[in-house]
Amino acid sequence: MSNSISSSTAPTPSFYGLDRDELSARMREQGLPAYRATQLFSWIYRKHLRSSEDMTNLPRGLRGSLGAICDLALPHAASVHSTPDGSTHKFVLELRDGRRVECVSMRAPRRLTFCLSSQVGCALKCSFCATGLMGLQRNLEAHEIVAQVLAMGDFHGWEDARFNLVFMGMGEPLANYRSVMHAVRILHEPDGLNLGIRRITVSTSGLVPQIRRLAEEGLALGLAVSLHATTDELRDQLVPVNRRWPIRELLEAAREYGERTGRRVTLEYTLIAGVNDRPEDADRLSGIARDLPSKINLIPYNPVPGLEWRRPSPEEVEGFAQRLYPRAPAVTVRHTMGGEIWAACGQLGGLTR
Ligand code: SAH
Ligand code: SF4
């Protein structure tokens, strides 16, 4: 009786938000053997089927009634935008409530990377970010995060068995901690996509308690910290969450994360001309990197309509990078991908051209 009440009131959960144990439990509730969950995981995540009609080792009756156990529908891609060189694609997915979320695939010579969103919009309002300008509309659910991976994988035909995931799209992943971690575990499921934890990077603007919580998970996820400034005075302006957790506390949490997981954290530093790209900024940044086992990733500012910031010239970026040596030898400059379609870092926010 209680079963029929719950099934008539609760909406059918999305398949993509269930880990294997949760799906097994739902199967058992319906009087089905738990191994059906393993079979379904394999069809969806390994053979990439999207319709139960084609799942030949499931009994015909179950193929027809699966919809009552879990919903296999994926969000529809309202549009896909591609750069002229075909390396970068931006996907605009329409969610069940009509809201839209964007995610981006990037192909470099030996690497396919999927950039995922964790929220529609963002509450943290960093002063140079298009997503921040939207404000927070809502958190994504785990299934809406997993669906982004499937949308991009299906588009690329799953020809790359190995790809990397970065939570560097819309939103602050650690502000939607539970759903992000649930999605990570579903993507890591050995009977499913079996994606290596080390292939996944979470980028945070600096939510210190959640960085600490992440360090306790026992998962060696990559962590990227959006530093962007070397004094609290400037960082308070650029990344307002700094007023709550200033640089010293953030770097301490980053250090603990590195020690607990054995992974070097990445310090992201968006270079804005005349704002944080002076020689003294480089000197303070290299001092920070000398004291913290880390890699520095310089991101030349990507233009956002309505914002007045300016990107330094390639020579200025190179000069800044050079000045970081030799105290901070692990420096990379993020090669901008997707600027032509408003898909580069910080440009996701409903913009099209
Ligand atoms: N919310 C997460 C992920 C954001 S996107 C975070 O803030 O870390 C990944 C990186 O792009 C972050 O370091 C972010 O600060 C940076 N970014 C945001 N807007 C940008 C812009 N217009 N140009 C370059 N980098 C930007
Ligand atoms: Fe939010 Fe990150 Fe953009 Fe800041 S940079 S507003 S935290 S998405």
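Residues numbered from 1 in each chain as written. Chains lettered and ligands numbered in written order. Predicted model: local features only at pLDDT ≥ 70, side-chain atom pairs only at ≥ 80, totals over all residues. Heavy atoms only, no water.

A. Spatial organisation of the site of ligand 1. Residues in contact with ligand 1 amount to 19 residues; listed here are only the nearest, Phe 128, Gly 171, Ser 203, Ser 226 and His 228. Note that an oxygen atom of ligand 1 is positioned 2.6 Å from one of the side-chain N or O atoms of Ser 226. At 3.4 Å from an oxygen atom of ligand 1 is found a side-chain nitrogen or oxygen belonging to Glu 268. Protein coverage of the free-state accessible area of ligand 1, which is 530 Å², stands at 96%. (Near = heavy atom within 4 Å. Polar contact = N/O pair within 3.5 Å; in protein donor to acceptor, adjacent residues only side chain to side chain. Areas by Shrake-Rupley, 256 points an atom, 1.4 Å probe, with all protein chains shown as cover.)

B. Representation of the pattern of salt bridges. Per the counting criterion, the structure on display carries 21 salt bridges. For Arg 100, the salt bridge is made with Glu 94, and the minimal N-O distance between the two is 3.0 Å. Its relative accessible area of 44% is what places Arg 100 among the partly exposed residues. We classify Glu 94 as partly exposed; its relative accessible area is 28%. (Salt bridge = Lys/Arg side-chain N within 4 Å of Asp/Glu carboxyl O. Buried < 20%, exposed > 50% of the residue type's maximum accessible area, 1.4 Å probe, protein only.)

C. Structural context of the site of ligand 2. Around ligand 2, the neighbouring residues are Cys 122, Leu 124, Lys 125, Cys 126, Cys 129, Gly 132, Gly 171 and Ser 205. Along the lines of polarity and charge, the residues of the shell around ligand 2 split into four nonpolar, three polar and one charged. (Nonpolar A, V, L, I, M, F, W, Y, C, P; charged D, E, K, R; others polar.)

D. Looking closely at the side chain of His 81. Examined against the element boundaries, His 81 turns out to sit in strand β1 (residues 76-82). The exposure class of His 81 is buried, given its relative accessible area of 16%. Within the structure, His 81 has its side chain in polar contact with the side chain of Ser 79 (distance 2.9 Å). In this structure His 81 touches Thr 88, His 89, Lys 90, Val 92, Ile 341 and Thr 352, once residues within four positions along its chain are discounted. (Helix = DSSP H or I, 4+ residues; strand = E, 2+ residues; numbered from the N terminus. Contact = heavy atoms within 4.5 Å.)

E. The arrangement of the packing of aromatic side chains in detail. In the structure shown here, the tally under the stated rule is eight aromatic pairs. With 4.9 Å between their ring centres and 35 degrees between their planes, Phe 114 and Phe 163 make a pair best called tilted. Of this pair, Phe 114 sits in strand β4 (residues 111-115) while Phe 163 sits in the loop between α6 (142-155) and β7 (164-167), and the two are 49 residues apart along the sequence. A single burial state applies to Phe 114 and to Phe 163, both of which are buried. A connected cluster of aromatic rings, assembled from ring pairs, spans Phe 15, Tyr 16, Phe 41 and Tyr 45. Of note, Lys 47 hangs over the ring of Trp 43, and the distance from its end group to the ring centre comes to 4.4 Å. (Phe/Tyr/Trp six-rings, centres within 6.5 Å; stacked < 30°, edge-to-face > 60°. Lys NZ or Arg CZ within 6 Å of the ring centre and 35° of its normal.)

F. Region of interest: the sheet that holds β7. If you trace the ten strands from one edge of the open sheet to the other, you get β1-β2-β3-β4-β7-β8-β9-β10-β11-β12, paired in mixed fashion. Unpaired on one side and paired on the other, β1 and β12 (331-333) mark the two borders of the sheet. Neighbour-to-neighbour, the strand axes of this sheet turn through a mean angle of 20 degrees, independent of strand direction. Relative to strand β2 (residues 88-94), β1 is paired through six bridges, and the arrangement is antiparallel. Bridging across to β2, Val 80 finds its partner in Phe 91. (Pairing = 2+ DSSP bridges. Axes fitted to C-alpha atoms, helices over the stretch in contact; angles between N-to-C directions.)

G. Focus on the UniProt feature "domain: Radical SAM core" (unreviewed entry) in the protein chain. Annotation from UniProt places "domain: Radical SAM core" (unreviewed entry) at residues 108-340. As annotated, residues 108-340 comprises 36% helix and 19% strand, and the C-alpha atoms at either end are separated by 16 Å. (UniProt positions renumbered as here; feature names shortened; annotations may be inferred.)

H. Region of interest: the packing of helix α11 (residues 279-291) against helix α12 (residues 314-324). Running from N to C, α11 and α12 point in directions that differ by 40 degrees, and their axes come no closer than 8 Å. Here α11 is positioned oblique relative to α12, judged by the angle of their axes. The interaxial crossing formed by α11 with α12 has right-handed handedness. Residue-level contacts link Pro 279, Asp 281, Ala 282, Asp 283, Leu 285 and Ser 286 of α11 to Phe 320, Arg 323 and Leu 324 of α12. Looking at the contact of α11 with α12 residue by residue, the classes come out as five nonpolar, one polar and three charged. (Parallel < 35°, antiparallel > 145°, perpendicular 65-115°, else oblique. Left-handed = near helix turned anticlockwise from the far one by under 90°.)

I. Main features of the UniProt feature "binding site: S-adenosyl-L-methionine" (unreviewed entry) in the protein chain. Mapped onto this structure's residue numbering, the UniProt feature "binding site: S-adenosyl-L-methionine" (unreviewed entry) falls at Gly 171, Glu 172, Ser 203, Ser 226, Leu 227, His 228 and Asn 302. When you line up the elements, Glu 172 lands in the loop between β7 and α7 (177-188). Residues contacting Glu 172, with those up to four places away along its chain left out, are Ser 118, Gln 119, Cys 122, Leu 124, Ser 203, Thr 204, Ser 205 and Leu 207. The residue Leu 227 is located in the loop between β9 (222-226) and α9 (232-238) in this model. You can call Leu 227 buried: its relative accessible area is 0%. If near-sequence neighbours (up to four positions away) are discounted, Leu 227 is found in contact with Arg 235, Val 239, Ile 247, Leu 250, Leu 251, Leu 267, Glu 268, Leu 285 and Ile 288.

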